[in-house]
Structures are given as structure tokens and as C-alpha cells.
Amino acid sequence: MYNEKKTIDKLKVFLTFGLIPVFVFSVVVLLPILTGIGMTFTTWTGFSGSLLEFVGIENYKEAFVDTRFWGSLGTTLRYVFYTLIFTNTIAFGLALLVTSGMKGQNFFRMGFFTPNLIGGIILGFIWQFIFSRVMIYFGDFLNIDILSSSWLAGPDTSFWALVIVSVWQNSGYMMLIYIAGLMGINKSLLEAADLDGASTWRQMWNIKVPLMIPSFTISLFLTLQRSFLVFDVNLSLTNGGPFRSTELIAMHIYNEAFLYQNYGSGQAKAFILFIIVAIIAVTQVGIMKKLEVES
Amino acid sequence: MSGGKKMKKLSVWFLMLVASLVLFACSGDDQSEETDAGNNNQGDAEETNEGDIDLEGTEISILLGKPEIAGQFETAVDEFSDETGIDVTIIPLAGANAFEKMSSLYSSGNAPTISMMAAEFETFQDRLLDLSNEPWMENVQPGMTDFVEVDGKVYGQPLTVEAFGFIYNKDVIEAATGEEFDPSTINSHDSLEALMIALDEYEGADAIHVSPMDWSLGAHLTNPLFAAQAEDRDERHQFMQDMIDGNASLAENDVFLGWMKTIDIMKEYNQNAASPLAPQYDDGPSAIANGEVGLWFMGNWAYPQLKEIDPEGEYGFIPVPISNNPEDYGNSQISVGVPSYWVIDESQSSTEEQEAAKEFLNWLVSTERGQHHYVNEFSLIPVFDNFEIEPQDPISQSVLDYMKDLNTLEWMNLYYPADGFPAMGAGLQQYLVDIWGKEELINDFESYWESVE
């Protein structure tokens with residue numbers, strides 16, 4: 001079936017296997033993206049019958065001069081940077097811990113993974129309660145200044161509250177990926193290194209880490225993507241407050257388009273975000289690919 | 001290898017073909033829908049000429065924007081259906097905001113016959129039915145339909161009124177001052193501050209709880225700033241226009257400066273002065289109903305929660321003063337307004353549906369059973385003077401008192417742009433925590449309003 005001579009036969013083969021996927025892909029992915037991009041050049045406000053006028057790059061201009069947009073993007077980059085580092089360090093550490101052969105490691109694996117099973121909205125509310133009630137209770141009780149007022153009341157502390165909750169939520173998931181990576185390392189390599197007298201530290205840096213680059217690629221990519229597009233935790237934990245200082249980019253775009261009813265510029269911003277995330281993600285994967293080695 | 005390449009080329013072509021087919025199919029659908037709608041309208045017009053229409057069996061849908069009364073509303077609707085034979089479907093908002101939901105319903109050709117809307121009105125106005133000649137128009141209280149009036153035609157029935165101001169806890173205040181409390185005596189900066197001082201010095205409670213949510217600060221607390229600008233409606237709307245045009249200077253505006261003074265008083269005696277942005281909404285009802293504070297800036301919608309904590313508590317409203325002269329407009333008034341309106345769709349509903357919808361709105365406010373549901377079950381404050389039943393709780397009574405004396409401020413916040421309250425709310429939050437001073441706040445307000453198109 002791979003040797004058809006005539007075009008018509010080739011088409012038949014393609015249709016047999018590809019028609020439905022191609023159709024579905026175009027309808028649910030390609031079309032929305034294209035119409036979405038198309039809308040950024042018009043005055044469309046969200047429902048049919050509204051004035052549909054071609055305005056060129058007016059919406060993009062509006063997005064580019066919006067200081068709140070850049071502010072929000074800056075906060076998001078800061079947030080992505082910290083969650084990326086903390087999530088992956090902690091996840092990698094946990095993975096090493098629960099594969100070290102300690103007692104009850106399966107129980108710990110499950111425990112560390114559980115936060116990831118709780119939906120972001122619920123999780124946000126739980127942590128809101130922790131930050132604005134539980135923590136203050138202990139802060140007052142133990143007389144610790146930094147804990148005795150709600151972290152959600154100040155812009156810096158609520159930013160860190162967001163980071164903490166996201167790291168707590170995502171570390172368990174990334175841990176699983178790292179565990180898979182660790183398990184995949186050929187045991188004979190480690191045994192040989194052991195016999196040669198390599199320290200645990202050296203084994204880690206010269207054998208485990210280089211061989212686990214694919215796991216890092218996936219984890220970093222997932223954390224990047226999740227952090228850039230986070231919405232649920234942001235909504236239920238801080239709701240962008242206080243004074244819109246923790247409004248991350250996805251939420252900013254949503255508010256702009258649906259709450260403040262600037263559909264065009266909101267959509268334009270979403271497209272700008274798409275391009276930024278795409279560039280960063282592709283660069284990251286490209287760099288990581290180069291680092292991969294074979295045992 | 002070359003076969004693979006060809007295959008790739010082919011698949012690209014094919015992809016484009018499918019995409020264009022789908023596009024074509026979609027646009028085709030749109031057209032046929034439109035013509036359908038056109039036919040419908042023609043048919044409707046003929047039917048109207050025939051005169052009386054039997055509404056039995058007509059199906060209408062209602063988009064309900066108040067999830068808190070969904071259960072009670074359903075009971076009322078069932079009763080209405082039994083009486084008239086009109087079938088009613090309730091569409092819940094289900095977490096979406098009204099604008100979002102309406103947009104998608106209208107776009108998909110499933111416009112609800114009756115919707116509850118507020119700020120969305122402007123966008124949808126040309127698709128709505130003129131209700132000027134409805135019987136309830138004779139009973140509606142003056143000023144309550146201003147927002148939905150366009151070229152002398154009224155397009156909406158006010159749902160209810162809501163009010164906000166300082167809610168006081170009578171017991172706490174009387175315990176603090178040691179005398180009978182008369183809310184009408186609080187009508188200036190000095191009298192408000194004296195009350196705050198008395199509460200502050202009283203051992204058992206703090207003076208005031210300030211809820212720092214942006215909607216409370218940005219949409220409600222800012223209302224007197226605009227509404228108390230002038231007693232004349234055109235004049236105060238002109239002030240808002242001046243703000244947009246950049247012609248108003250807040251630093252020289254007496255109402256603004258007086259209003260700021262009240263904010264300063266609130267700030268000084270705030271129960272949570274150490275961390276003003278920490279409280280959540282739920283801290284408010286618990287603070288005032290448990291007698292931890294004497295005052296709370298909020299609206300009558302908080303009453304169910306107050307009642308849950310302390311059913312015997314006596315509460316009421318006092319105004320947000322904007323000057324030290326008790327005679328000034330705004331010092332004896334609280335902000336009372338219509339939070340949303342019932343509107344009927346004209347563009348996608350048949351004449352029967354429109355008539356049935358009118359019938360429902362009439363039933364709700366003109367019949368004994370409708371009024372019973374309205375007041376006792378939905379706990380709404382009526383906006384019509386033909387109501388036999390009045391709400392009995394102290395908060396609603398307080399609102400009714402202000403309304404009877406015509407001591408109400410217009411809800412100017414209905415005319416804020418959609419991003420108005422978050423912007424001004426954020427400014428006030430920064431003022432509360434002293435990140436900003438008065439000057440920065442003035443600059444922020446002025447530059448926000450100038451950015452409005």
C-alpha cells in the first residue's frame with residue numbers, strides 16, 4: 001500500500017486514513033485560530049450582527065500602547081521564571097528522594113502527586129483560606145511578624161503566594177516524569193561507576209543528569225506552558241488583586257475581552273501571547289535537544 | 001522518498017480544500033438562517049393583524065441573572081405556567097457573566113425571550129421590545145426607568161432596587177454612645193467622625209469595617225462622588241462627560257474633596273487599619289452582625305447573611321457624607337438604584353412569545369400571587385407603588401424610608417465603562433494602604449477617565 005503509482009490511488013490511501021483526523025483538526029484547531037487572527041483586524045465585539053469593520057492593525061496598536069498589558073506580561077515572566085526553577089528543582093529532588101529506596105516511598109509518591117489531582121479553582125480557595133486565616137492564626141500565636149497579616153493583602157506577598165501554590169500543585173506531576181527518567185537509566189552504568197569509585201554526587205552530575213535530559217525537556221516545557229497560561233489558580237486565589245498587581249497575562253486577556261468588552265484588543269493580545277509562548281517553547285526544546293546524549 | 005514528498009504536497013492541498021469547504025459550509029448556513037428569520041418576521045406581522053392571540057402553549061425562555069433566587073424563581077414560574085398555560089424555560093447564567101451569555105445566545109439564534117440585563121443594555125438595545133405602553137408603567141416609581149429609556153421609549157422593567165451606604169448596627173452604636181440612635185443625625189463629616197470616635201473609644205467594638213473588594217470600592221463607594229455633584233440629573237451627567245473630556249479638575253472639585261475627607265475618616269477608624277486589604281467579603285457580615293463594628297460600607301444584599309448570624313439585629317443605612325454642611329445634596333441621601341432590568345427580545349422572538357413575555361412581567365408585579373413571590377420569596381424591594389405587600393426586614397425598611405422621602409442618589413455607576421470599577425477600585429486600594437497619596441489618586445482618576453472613549 002505504500003507503492004501506489006497513480007495519484008488517484010495515493011489520494012485514496014490518504015483519504016482512507018487521513019480524512020477524519022484532518023477534518024477534525026481543521027474544524028477544531030485550524031479554523032478557530034484563523035478566524036481568531038482574522039478578528040484581530042476587525043471591530044467585532046463578540047456576537048453576530050455587531051459592526052464588522054476592517055480596522056487594520058488598530059487593535060495591535062492599542063495592545064502595544066497598553067501599559068497594563070506589558071506590566072501584566074512582566075509579572076507573568078517573573079512568575080514563570082520562579083515557578084520554572086522551583087517546580088523543577090523540587091520535583092527533581094523529590095524524584096531522587098522517592099527512588100532512593102527509603103521506607104514507604106510509594107506512599108510518598110502518591111502524597112506528593114495528590115495536589116495535582118485537585119482542580120485549580122478548589123486549590124485556590126483552599127490556599128486562600130490558608131493564607132488569610134490559618135497562617136495568621138499561627139503567626140499571631142507564635143508572634144512571627146511576616147505571618148501575622150494576610151499575604152494576599154500586599155502585591156509582593158500575593159505574588160509569592162501564587163508562586164508557592166503553583167509550585168506545590170505542579171511539583172508532584174513533574175516528579176513523576178523525573179521518576180520515569182531515573183528508572184529508565186541503565187543500571188549497569190551506575191554499577192560500573194560505583195565500582196570505579198564515583199561518589200553519589202559525581203554519579204548524579206555525570207550520569208543521571210545527562211541521561212535524563214529528555215525528562216528535563218518535557219518537564220521544563222510543561223512548566224513553561226502551564227505557567228504562561230495559568231488562569232484558575234490566579235482567579236480563585238488572588239483574582240488579580242490587590243489592585244490588579246497579580247493579574248497574570250491569561251487573566252488580563254480574559255478580562256480585557258470579556259469583562260471590559262474590548263474584544264478586538266483582547267484577541268490581539270492573545271495572539272501576541274501565542275507568538276511569545278511559541279518562540280520561547282520552541283527555543284527551549286531546540287536547546288534541550290542539543291544537550292541530549294546517548295549512553 | 002519522492003513519493004513521501006508528493007504525499008506531503010497532496011495533504012497540504014487537501015487540508016486547504018477541507019478548510020475552504022468548511023468555511024463555505026458555515027457561511028452558507030448563516031445565510032439560510034437569516035432568510036429563515038426574515039420569513040418568520042413576515043409571518044408574525046400577518047398574525048398580529050389578525051388580532052387576539054391565544055397564548056396557551058406558547059414557549060418562552062428567561063435568562064435569570066440572579067442565581068441566589070433560582071429555586072424560588074422556579075416555583076413562581078411553575079405557578080405562572082399553571083395559571084396561563086404558557087411554558088417557561090429558565091436559562092441559568094451558569095457561571096458566565098451576563099454579557100458573555102447573551103452574546104453566545106444571540107449569536108446562535110437562541111435569544112432568550114426575557115433577559116435580565118444591566119450594563120449590557122446599550123449593546124442590545126436595538127434588539128429589544130418597546131415596553132412603554134405596558135400597564136405597570138403607570139405604577140413604576142419616578143426615575144427608575146431612566147437608564148432604559150431611549151428616545152422616549154422604555155425598553156426595560158426594573159427588577160428591584162438595591163441600595164448601599166454605611167450599614168449601622170443599632171445595638172452597637174447605642175451601647176457606644178449611650179443614647180437612642182437617630183440615623184438622620186449623621187449628615188456631615190463632623191457628625192460621622194463623632195460617631196466613629198464614640199465607637200472607637202467604646203471597649204466592645206471597633207468603628208468601621210471596610211471591605212476592600214474592587215467592586216465595593218470602585219463601583220459603590222465612588223458613586224456619591226459622581227451622584228452628589230449636582231441635584232440636577234443633566235448637570236451631574238455633564239460632570240462625568242467633563243471628566244471624560246478632561247475638563248474637570250478633581251483637585252478643585254468640592255464634592256470630590258469632601259468625599260475624600262470621608263474616605264480619610266473611614267481609613268482612620270478602619271477596623272483593619274493595619275492591613276486594610278486583608279479582609280474577605282465574608283468578614284464584613286460577620287463583623288457587623290456579631291457586633292465587632294458599628295458600621296460597614298455595603299448594600300442591602302448583605303441582609304440574608306446578617307440575618308443568618310443574628311436574626312434579631314437592627315440595622316439600617318446612613319449616607320456617605322460629602323461635606324460638612326448637613327444641607328448639602330448627598331449628605332442625607334443614600335445611593336438607590338436598579339441593579340438590573342427585565343427586557344424582552346424583539347429580534348428573534350415571535351409575536352406570541354413577545355406577548356407571553358409581557359404577560360409574565362405583568363403577572364409578576366401586578367397580581368397578588370406575583371407580588372407575593374416577588375416580595376416574600378425573592379426578597380426584592382418593589383419599585384412599584386401598587387404593591388400591597390412590603391418587605392419587613394430592617395434593612396429593606398430603611399431603604400424604603402429613604403425612597404419615600406425621595407432621599408436617593410442616582411446610581412451613576414451604571415454609566416461607568418466596563419473597566420471603570422476595577423480601575424478606580426485599584427486606585428482606592430492603593431490609597432487605603434498608603435502606596436498612593438491624594439495627589440496620585442487624583443491623577444489616576446483623571447487619567448483613567450480621560451482614557452475613556
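Residues numbered from 1 in each chain as written. Chains lettered and ligands numbered in written order. Predicted model: local features only at pLDDT ≥ 70, side-chain atom pairs only at ≥ 80, totals over all residues. Heavy atoms only, no water.

## Remarks on the overall build of chain B
Quick reminder of the rule: Helix and strand definitions here come from DSSP, where helices need a minimum of 4 consecutive H or I residues and strands a minimum of 2 consecutive E residues; each element is numbered from the N-terminal end. Burial classes: relative accessible area under 20% of the type maximum marks a residue as buried, over 50% as exposed, and values in between as partly exposed (1.4 Å probe, protein chains only). Note on contacts: a residue pair is in contact if any heavy atoms of the two residues lie within 4.5 Å. In this description, accessible areas are obtained by the Shrake-Rupley approach with a 1.4 Å probe, and a residue is regarded as covered only by the protein chains that are shown.
Scanning chain B from terminus to terminus reveals 17 helices and 13 strands. Going through the 453 residues of chain B one by one, you find that 53% of them count as buried. Contacts spanning at least 24 positions in sequence make up 73% of the contacts within chain B whose residues lie at least 6 apart. Accessible surface computed for chain B: about 20,300 Å², of which carbon and sulfur atoms make up 46%.

## With respect to a nonpolar patch on the surface
How we decide: Every patch collects residues that have over 30% relative accessible area and no salt bridge, joining them within 9 Å if they carry like charges and within 5 Å if they are nonpolar side chains (Val, Leu, Ile, Met, Phe, Trp, Tyr). When a carboxyl oxygen of Asp or Glu is within 4 Å of a side-chain nitrogen of Lys or Arg, the pair counts as a salt bridge.
A grouping of Leu-15, Leu-19, Ile-20, Phe-23, Val-24, Phe-25, Val-28, Val-29, Ile-33 and Leu-34 of chain A is seen on the molecular surface, where their side chains present a nonpolar patch of about 860 Å² in accessible area. Positionally, Ile-33 of chain A belongs in helix H1 (residues 7-39).

## What about the packing of aromatic side chains?
Formally: When the centres of two rings from Phe, Tyr and Trp lie within 6.5 Å, Trp using its six-membered ring, the rings pair. Their planes under 30 degrees apart give stacked, over 60 give edge-to-face, and anything left gives tilted.
A complete count under the given rule lists 50 aromatic pairs over all chains for this structure. Considering the side-chain rings of Phe-147 of chain B and Tyr-415 of chain B, the 5.3 Å spacing of their centres and the 75° angle between planes classify their relative orientation as edge-to-face. One end of the pair, Phe-147 of chain B, is in the loop between helix H4 (121-124) and strand E4 (149-150); the other, Tyr-415 of chain B, is in the loop between strand E13 (408-409) and helix H16 (420-432), and 268 residues separate them in sequence. One aromatic cluster in this structure is built from Phe-81, Tyr-82, Phe-86, Phe-159 and Trp-160 of chain A.

## Some words on the side chain of Ser-398 of chain B
Residues and elements named next belong to chain B. By secondary structure assignment, the location of Ser-398 is in helix H15 (residues 394-404). Classification of Ser-398 as buried rests on a relative accessible area of 9%. Beyond its immediate chain neighbours, meaning those up to four positions away, Ser-398 contacts Gly-316 and Phe-317.

## Some words on the domain arrangement of chain A
Residue and element names in this part refer to chain A. Note the threshold: In this entry, domain limits derive from an automatic or database-based domain assignment. A simple way to read buried area is as the amount of 1.4 Å-probe accessible surface that goes missing from two parts once joined, with both sides added.
Domain assignment breaks chain A into domain 1 (1-41) and domain 2 (58-291). Here domain 1 and domain 2 have C-alpha centroids that lie 35 Å from each other. Contact with domain 1, which involves five residues of that partner, is made by seven residues of domain 2. Across the interface of domain 1 and domain 2, roughly 500 Å² is buried in total on both sides, 71% from carbon and sulfur atoms. Contact with domain 2 buries area across many residues of domain 1, yet Ile-37, Met-39 and Thr-40 alone supply 75% of it, more than any other trio.

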